[in-house]
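# Structural characterization, general
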Amino acid sequence: MLPARRPSCLGGHISGKRYLSRQSRLVPGRSSVEREPIRATMPPESTTDTAVPHRPLGSAPSVAIVGGGPGGMFTAYELQRAAVRPLQITLYESSDRLGGKVRTMHFKSADVRYEAGAAEFYDYSHFGHDPLRELVEELGLPIRVLGGSAMVVDGAVISSTDDVRSCLGGHAEASLLAFDRLARDRMTPSEFYASGDDGHATAREPAAGFGATLETIDSALARRYVEHLIHSDLAAEPAQTNETYGLQNYLMNDPSYMRLYGIEGGNQRLMDELAARLACSVRTGCRVESIEAAPSGGFVLRHSPGADAAEDQHDLVVVALPHDQLCKVTFGGARLREAVDRHRSHHDHPAHYLRVSVLFDRPFWRESLSGSFWMLDRFGGCCMYDESSRDPSMTHGVLGWLLGGDAARELARATDDEIVHAVLGSLPGFLSAALAANHSATMEARVHRWIGAVSALPGGWTPMPLERRHCPDPVGHPGFFLAGDYLYDSTLNGVLDSAERVAEWIAADLAEGRLPRRQGEHHEGT
Ligand SMILES: Cc1cc2nc3c(=O)[nH]c(=O)nc-3n(C[C@H](O)[C@H](O)[C@H](O)COP(=O)(O)OP(=O)(O)OC[C@H]3O[C@@H](n4cnc5c(N)ncnc54)[C@H](O)[C@@H]3O)c2cc1C
């Protein structure tokens with residue numbers, strides 16, 4: 001039920017995307033070898049597929065991990081933790097830094113930081129097992145709880161049901177309350193926590209579109225309110241997603257469903273601490289161009305360090321790239337190519353972000369708006385962050401705009417100056433007035449375009465079984481794995497889960513003294 005004064009979903013907001021399940025994971029501390037090897041859990045691709053022969057294992061099998069973002073780093077870390085025998089792990093990263101879309105940057109005109117990519121971490125620890133939170137704790141990283149409860153609509157701040165009534169009218173309030181009840185009836189907090197579990201009903205059925213659910217909101221003002229509230233979480237248009245995901249993105253604004261935190265000193269510290277603990281060969285500035293099965297077994301990776309292309313051979317490969325980067329790698333051999341093409345087209349539902357961070361000489365908005373973020377009814381609904389609230393010692397102010405979906409994609413075509421002009425023009429009247437009254441100056445602005453970089457979950461789409469998501473050709477190429485947030489819900493929690501699954505499967509196979517069957521033993525097309 002909604003509280004009388006301060007609504008949870010109606011006024012709260014969290015940004016970015018949420019993770020769909022924690023319960024499908026192994027219990028921490030449980031040996032990875034207790035899990036079935038992947039091939040034992042996979043249905044055969046066709047009736048002509050034959051059983052996979054086991055091969056004896058060499059002294060230290062080699063694993064290539066492609067992509068040095070969270071997906072690749074988590075996979076490497078989990079693999080080195082889960083492996084019960086020596087492994088040679090090589091992590092390939094095309095850029096000169098590890099961390100991918102988790103990126104804390106600094107302005108030039110003052111030593112002030114801002115998040116250019118992933119904004120916050122999602123906390124499920126109040127339900128029980130929360131691997132990301134546990135990892136953050138294990139790495140000794142202090143966290144800062146983030147929160148916000150305001151939505152700015154037509155220049156007025158709404159942070160309670162009373163505000164809804166006075167700003168949008170009694171009909172809109174009643175309509176929102178009815179929608180809020182519907183959402184809670186359809187999904188309890190524990191169902192929310194379990195909803196990505198493979199065994200859960202929503203995990204394997206085509207989900208209805210969220211558009212029809214939104215149509216049940218009979219007040220146009222209330223409907224718009226909900227659409228704006230969840231727009232930047234979805235990174236897509238609300239009607240383009242499925243009902244489950246739409247409701248989840250609404251409900252996650254309630255702390256009994258999910259909570260938020262950031263890392264003190266910047267989210268990138270998670271990646272830096274992890275990098276310091278990786279016991280593997282890390283090759284930055286090394287773009288993997290192609291992957292194919294080697295005739296002698298294993299896989300050949302061709303990569304381009306600078307101008308000189310080179311190649312390496314590995315027993316196993318984990319491709320930890322976001323779905324929009326997969327198409328830039330050539331997969332050799334018809335069977336592998338087709339398997340990856342099928343996988344890509346199944347998951348090809350691009351969603352978009354545009355992030356603009358503006359440095360001011362002081363946080364001129366604090367008298368009007370508090371909290372780490374609030375929502376704004378511009379750009380189809382966007383999130384505004386008080387980035388400077390993450391560091392209480394900061395005297396400067398940093399405002400961040402996170403635009404999602406069509407608005408992000410459209411505006412991203414403009415120049416940086418035009419984009420900055422557009423977001424400053426979106427400030428509600430009371431904030432523009434505060435800016436002028438405080439004689440506050442804009443010192444610097446940064447624009448980061450993340451077009452197609454995250455994944456939407458459309459209505460009518462059936463998620464693949466978890467095993468098939470991670471191993472697209474289990475019979476022909478059982479040593480070829482994919483890990484990514486797009487296999488779940490485009491969050492860090494999701495990519496950690498994906499990485500853990502792959503690491504555990506590999507570790508379980510290797511613990512039994514075998515490699516997944518080598519490609520060289522099997523003719524293509526069988
Ligand atoms: C604006 C924005 C806000 C977000 N907010 C949140 C949030 O609040 N909470 C949350 O949980 N998640 C959030 N996310 C999602 C989160 O950032 C992703 O879940 C996470 O970064 C996915 O990790 P990844 O390793 O799969 O991909 P990436 O982070 O994209 O990393 C992939 C890496 O692979 C490298 N690479 C690409 N091609 C090659 C190649 N051919 N060879 C070698 N290396 C290659 C890239 O350089 C990159 O380093 C946000 C994302 C964006 C864009």
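Residues numbered from 1 in each chain as written. Predicted model: local features only at pLDDT ≥ 70, side-chain atom pairs only at ≥ 80, totals over all residues.

### So, the overall build of the protein chain
Filter applied, for reference: We count a stretch as a helix when DSSP gives it H or I for four or more residues in a row; a strand needs E for two or more, and each element gets its number in order from the N terminus. Partly exposed residues are those whose C-beta has more than 12 but fewer than 20 other C-beta atoms within 10 Å; with 20 or more the residue is buried, with 12 or fewer it is exposed, and the C-beta atoms are placed from the backbone. Our contact criterion uses C-beta atoms placed from the backbone: two residues qualify when those atoms are within 7 Å.
The helix and strand inventory of the protein chain stands at 17 helices and 23 strands. Looking at the protein chain as a whole, 53% of its 526 residues are labelled buried. By sequence separation, contacts in the protein chain at least 24 residues apart represent 80% of the contacts at least 6 residues apart.

### Thoughts on the environment of Gly99
Counting through the fold element by element, Gly99 comes out in the loop between β3 (88–92) and β4 (104–106). With residues up to four places along the chain from it excluded, the contact list for Gly99 reads Gly69, Gln268 and Met271.

### Considering unusual backbone geometry
Positive phi, close to 60 degrees, is recorded for Ala235, a residue that is not glycine. For Ala235, the location among the structural elements is in the loop between α8 (220–234) and α9 (243–251). Of note in the backbone geometry, Phe379 takes a positive phi value of approximately 55 degrees without being a glycine. With respect to the secondary-structure elements, Phe379 resides in the loop between β18 (373–376) and β19 (382–386).

### Here's the deal with helix α4 (residues 161–168)
Applied cut-off: The directions considered for the arc run from the helix axis to the C-beta atoms.
The complete set of buried residues in α4 reads Thr161, Asp163, Val164 and Leu168. End-on, the buried residues of α4 take up no more than an arc of 155 degrees, which puts them together on one face. On its buried face, α4 sits against β9 (156–158), α5 (170–186) and α8.

### Concerning α9
Counting buried residues along α9, eight of its nine residues qualify, which places the element largely inside the surrounding structure. Looking at the buried side of α9, the elements it contacts are α5, α6 (189–194), α7 (210–215) and α8.

### Looking at the nonpolar core
Which entries qualify depends on this criterion: Remark: nonpolar core denotes a set of buried Ala, Val, Leu, Ile, Met, Phe, Trp, Tyr and Cys residues whose joining runs through C-beta atoms within 7 Å. Start and end points for every domain follow an automatic or database-based domain assignment.
Formed by 135 residues in total, the largest nonpolar core has its most connected members in Ile65, Val317 and Leu403. When residues of this core are assigned to their parent elements, the largest contribution, eleven residues, is made by helix α17 (residues 492–511). Split by domain, the residues of this core number at least three in each of domain 1 (32–101 + 267–349 + 462–521) and domain 2 (104–263 + 350–455). Ignoring any residue separated from it by four or fewer positions in sequence, one finds Leu403 in contact with Ser232, Tyr353, Leu354, Phe379, Cys382, Ala408 and Leu411.

### What about the confidence of the model for the protein chain?
The condition that has to hold: The predictor attaches a confidence to each residue, and that confidence, scored 0 to 100, is pLDDT.
Here the protein chain averages 85 in pLDDT, and 84% of its residues register 70 or above. Note that pLDDT drops below 50 for residues 1–55; the model gives that stretch 155 contacts with residues more than four away or on any other chain. Every residue in residues 517–526 scores below 50 in pLDDT, and together they form 26 contacts with partners more than four places removed in sequence or on other chains.

### Some details on the packing of helix α2 (residues 70–82) against helix α10 (residues 268–277)
The line we're drawing: An axis is simply a line fitted to the C-alpha atoms; with a helix, the fit covers only the stretch in contact. Between two such axes, the angle follows the N-to-C directions and lies from 0 to 180 degrees. Put simply, a crossing is left-handed when the front helix is turned counterclockwise from the back one by less than a right angle, and right-handed when it is turned clockwise. Each residue gets one of three labels, nonpolar for Ala, Val, Leu, Ile, Met, Phe, Trp, Tyr, Cys and Pro, charged for Asp, Glu, Lys and Arg, and polar for the others, Gly among them.
With their axes 10 Å apart at the nearest point, α2 and α10 run at an angle of 40 degrees to one another. Crossing geometry of α2 relative to α10 is assigned as left-handed. Touching Pro70, Met73 and Tyr77 of α2 are Met271, Leu274, Ala275 and Arg277, all from α10. Among the residues making up the contact of α2 with α10, the classes are represented as six nonpolar, no polar and one charged.

### Focus: the pairing of strand β2 (residues 62–66)
What counts is decided by this rule: We call two strands paired when DSSP finds no fewer than two bridges between them.
Counting buried residues in β2 gives four out of five residues, a clear majority hidden from the surface. Summarising the sheet, β2 and strand β15 (residues 316–319) pair through four bridges and their orientation is parallel. Bridging across to β15, Val66 finds its partner in Val319.

### Considering the pairing of strand β17 (residues 350–360)
Where a strand is regular, its side chains alternate between the two sheet faces. Counting buried positions along β17 gives ten out of eleven residues, so the element sits mostly inside the fold. Where β17 and strand β21 (residues 442–455) come together, ten bridges link them in antiparallel fashion. The residue of β21 that forms the bridge with Leu359 is Glu444. Bridging between β17 and strand β20 (residues 397–404) involves eight bridges; their strand directions are antiparallel. Across the sheet, residue Phe360 finds its bridge partner in β20, namely Gly397.

### Topic: the sheet that holds β21
The seven strands lie next to each other as β9-β8-β18-β19-β20-β17-β21, forming an open sheet whose pairing is mixed. The open sheet is flanked by β9 and β21, the only strands paired with a single partner. Neighbour-to-neighbour, the strand axes of this sheet turn through a mean angle of 25 degrees, independent of strand direction. The sheet strands contacting α8 are β8 (151–153), β17, β18, β19 and β20, and the helix crosses β20 at an angle near 100 degrees.

### Some thoughts on the environment of Leu87
Mapped onto the elements of the fold, Leu87 is located in the loop between α2 and β3. Note on Leu87: 21 C-beta atoms within 10 Å, which makes it buried. Along the sequence, Leu87 and Ser59 sit 28 residues apart, while their C-alpha atoms lie 8.4 Å from each other. Excluding its chain neighbours within four sequence positions, the residues that come into contact with Leu87 are Ala60, Pro61, Val63 and Leu79.

### Some points on the sheet that holds strand β12 (residues 286–293)
What the four strands build is an open sheet, ordered β14-β13-β12-β16; its pairing is mixed. Here the strands that pair on one side only, and so sit at the sheet edges, are β14 (310–314) and β16 (330–332). When the angles between neighbouring strand axes are averaged without regard to direction, this sheet yields 25 degrees. Sheet topology places β12 next to strand β13 (residues 299–305); seven bridges connect them, and they run antiparallel.

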